[in-house]
Amino acid sequence: MIKFGMTVKQREICLLPIPFSDLTSSKRRPVLVISNNDYNFKKEDILVMAITSNIQDLPTSILVQQSDMESGILKSVSQIRIDKIYSINKGLIVKSFGEINIEKFDSVIEGLVLFLKR
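Here goes a summary of the coordinates provided. All values reported here derive from a predicted model rather than from experimental measurement.

## Observations concerning the sheet that holds strand β2 (residues 26-33)
Pairing in this open sheet of seven strands is antiparallel, and the strands run β4-β6-β3-β2-β1-β7-β5 from one edge to the other. Here the strands that pair on one side only, and so sit at the sheet edges, are β4 (61-64) and β5 (69-72). For this sheet, the mean inter-axis angle between neighbouring strands, taken without regard to orientation, is 50°. Against the sheet, helix α2 (residues 102-117) touches β2, β3 (45-52), β4, β5, β6 (78-89) and β7 (95-100), its axis set at about 80° to β6.

## What to know about α2
In a regular helix each residue adds 1.5 Å, so 16 residues correspond to 22 Å; α2 covers 23 Å between its end C-alpha atoms and thus fits that length. Those residues of α2 not exposed but buried are Lys 104, Phe 105, Val 108, Gly 111 and Leu 112. Take α2 and look down its axis: the buried residues cluster within an arc of 120°, on one side only. Facing away from the buried side of α2, by more than 90 degrees, are the exposed residues Glu 103, Glu 110, Leu 114 and Lys 117. Those residues of α2 that are buried are in contact with β2, β3, β4, β6 and β7. Of the residues flanking the start of α2, the one acting as N-cap is Asn 101, its side-chain oxygen 3.3 Å from the backbone nitrogen of Glu 103.

## Concerning the nonpolar core
Core analysis: the biggest nonpolar cluster contains 15 residues, and Ile 13, Leu 32, Met 49, Ile 80, Ile 100 and Val 108 have the highest contact counts within it. The set of elements that each furnish at least two residues to this core consists of β3, β4, β6 and α2. Looking at this core element by element, the count peaks at three residues for α2. If near-sequence neighbours (up to four positions away) are discounted, Leu 32 is found in contact with Arg 11, Glu 12, Ile 13, Leu 47, Val 48, Met 49, Ile 51, Ile 80, Ile 100, Phe 105 and Val 108. Judged by nonpolar contacts, the second largest core, of 10 residues, contains Val 8, Ile 18, Val 48 and Ile 88.

Calculation notes
Residues numbered from 1 in each chain as written. Predicted model: local features only at pLDDT ≥ 70, side-chain atom pairs only at ≥ 80, totals over all residues. Heavy atoms only, no water. Pairing = 2+ DSSP bridges. Helix = DSSP H or I, 4+ residues; strand = E, 2+ residues; numbered from the N terminus. Axes fitted to C-alpha atoms, helices over the stretch in contact; angles between N-to-C directions. Contact = heavy atoms within 4.5 Å. Expected span 1.5 Å × (residues − 1). Buried < 20%, exposed > 50% of the residue type's maximum accessible area, 1.4 Å probe, protein only. Arc of directions from axis to C-beta. Polar contact = N/O pair within 3.5 Å; in protein donor to acceptor, adjacent residues only side chain to side chain. Core = buried A, V, L, I, M, F, W, Y, C linked by side-chain atoms within 4.5 Å.

This is the structure:
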């Protein structure tokens, strides 16, 4: 597990226990780290977006596939849910799958900005 002061990179896809919205329990899910690297190094928490392999035509989702990975393996075509943002303690990270490329990350951030402006 990753602890305070250790490196968690922006654009990294990690596995974390994500709480259900009613906070009754949690389930391990992949997430995209969106907080910047300086913040990630200095703080105990990181900002992440949920990732799902349950593909739906949603305006709040960005498709991600293996060709969008800068490093690592994405097991299946998935969607980054820009409407599902969490602040999570980085010590809860179970593992890392790799990083998405900068082009895909930029499209995620652009999608987030559009979502917030609607």
